[in-house]
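Single-letter residue listing:
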Amino acid sequence: MKKNDKLGFGTLAIHAGQEPDPNNGAVMVPIYQTSTYVQKSPGVHQGYEYSRTDNPTRTAYQALVAALEGGKYGLAFASGLATTNTILQSLKKGDHVLVCDDVYGGTFRLFDKVWTRTGIEFSFVDFTDLKKFEAGFKSNTKMVWIETPTNPMLKIIDIKSCAEFSKKKGATVVVDNTFMSPYFQKPLTLGADIVVHSVTKYMNGHSDVVGGVAITSDDAIYKELKFLQNASGAVPAPQDCFLVMRGIKTLHVRMERHAQSAMEIARYLEKHPKIDRVIYPGLESHPGHAIAKKQMSGFGGMITFFLKGDLAKSKKFLESVKIFALAESLGGVESLIEHPAIMTHASVPAETRKVLGIHDNLIRISVGIEDIADLKADLEQALDQV
Ligand code: P1T
């Protein structure tokens, strides 16, 4: 086969890291459901000692996600937050992390409620304003945490500009690429040092696994994260590695449909008299549209919008959908809908939510790959109930 950098995304999604088994020809990577490996003599083994450290199914999966992001190394974890948590373990007391102000509620909680206990400082700043971003740096800033598009306000952060400035300041740049997947955005090519995903979302794509990955091309960062992956042990089970690899085989096809349908729904909602405002990076009305066009090759499947009305109207609407499932999470083949203020971002303090715009009439949808006519009809009948 050609080298990874010569192959198209779809070919990599199906083949990278996955050679037919030389012992028996199995085309699919087996689920190596084993915790340990026999040794000929103490320390003499075939590359595997214990499955927290390494497992052949995980090895294939890590090589696959690295190839998709155009990185040298992939590391898999038990959840998106376990990935974030392990990366934070590379810092020490007194270090400062500059974080974009609108991040997934669980990421905010992990930083604000858990890691502050260890004497690590965090500032949450609006990175869409580069002046504010630059002013956010302190002498002890060691890491910059970017999520773009952000969750749930879908703000677009200019990765290249932020990475260039961070590099001058000597800070490690992490980009949470969960919403775009590597199919639409490759942060390493824009200057990021580490890319993270909650593979629970688009990467796996079938809402049946919780997992996370980190990808880097930096040898020193890899060495440290590989050490931490084993030392703190938040690794995925072999069956989950297999399932995510299976899901990734259709990532390119799914992402195309997610984006196509989301664009159509965003335009439909924008015209609807019961909707106040629609946020979707593909709309010309989105303030980050120009940067989105520059750094992404598609606009993804996530839409956020404000209903005209109050909490009661939002609840009525959310209770009325029939195909969209009222549930946390996103990125699966099935359409999901949720209320960020009560559900995914409840751990963000009310005052902060207010500043960010996470109001009671804010609804977030993850557009699945069902028939678009059915999805539109479902939203239409639910809006009729409001
Ligand atoms: O749920 P977990 O696999 O641990 O991933 C956390 C996470 C990290 N980053 C982003 C951008 C995320 O959206 C998430 C999880 N988000 C949801 C569950 C949600 O509904 O937004």
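Residues numbered from 1 in each chain as written. Predicted model: local features only at pLDDT ≥ 70, side-chain atom pairs only at ≥ 80, totals over all residues. Heavy atoms only, no water.

Details of the packing of aromatic side chains
Point 1. For the structure on display, the rule yields 13 aromatic pairs.
Point 2. Note on F9 and Y183: the rings are 5.2 Å apart at their centroids and 65 degrees apart in plane angle, and the pair reads as edge-to-face. Here F9, found in helix α1 (residues 9–15), pairs with Y183, found in helix α7 (residues 181–184); they are 174 residues apart in sequence, far enough to count as distant.
Point 3. Between F111 and W145, the ring centres sit 5.4 Å apart and the planes meet at 80 degrees, which makes this aromatic pair edge-to-face. Here F111 is found in helix α4 (residues 105–114), whereas its partner W145 is found in strand β4 (residues 141–147), with 34 residues between them in sequence.
Point 4. Here W145 falls in the buried class, since its relative accessible area comes to 0%.
Point 5. An aromatic cluster of at least three residues, connected via ring pairs, comprises F127, F133, F137 and F165. (Phe/Tyr/Trp six-rings, centres within 6.5 Å; stacked < 30°, edge-to-face > 60°. Helix = DSSP H or I, 4+ residues; strand = E, 2+ residues; numbered from the N terminus. Buried < 20%, exposed > 50% of the residue type's maximum accessible area, 1.4 Å probe, protein only.)

As for the pairing of strand β9 (residues 302–307)
Point 1. Counting buried positions over the 6 residues of β9 gives 6, a clear majority of the element.
Point 2. Residues M302, T304 and F306 of β9 are buried on one face, and the alternating residues I303, F305 and L307, pointing to the opposite face, are buried as well.
Point 3. Here 4 bridges tie strand β8 (residues 275–279) to β9, and the two strands are oriented antiparallel to one another. Pairing of R277 across the sheet is with F306, part of β9.
Point 4. Judged from the 5 bridges that link them, β9 and strand β12 (residues 362–366) form a sheet pairing that is antiparallel. (Pairing = 2+ DSSP bridges.)

Some thoughts on the sheet that holds strand β3 (residues 121–125)
Point 1. The 7 strands are arranged β1-β7-β6-β5-β4-β2-β3 in an open sheet whose pairing can be described as mixed. In the strand order of this sheet, the two ends are held by β1 (73–77) and β3, each with one partner. Sheet twist, expressed as the mean angle between neighbouring strand axes with direction ignored, is 20 degrees.
Point 2. Sheet topology places strand β6 (residues 194–198) next to strand β7 (residues 212–216); 5 bridges connect them, and they run antiparallel. Opposite V196, over in β7, you have A214 as the bridge partner.
Point 3. Sitting on the sheet, helix α2 (residues 56–69) is in contact with β1, β6 and β7, with an inclination near 125 degrees to β1.
Point 4. Helix α8 (residues 219–232) contacts β1, β5 (172–176), β6 and β7 of the sheet and is inclined by roughly 25 degrees relative to β1. (Axes fitted to C-alpha atoms, helices over the stretch in contact; angles between N-to-C directions. Contact = heavy atoms within 4.5 Å.)

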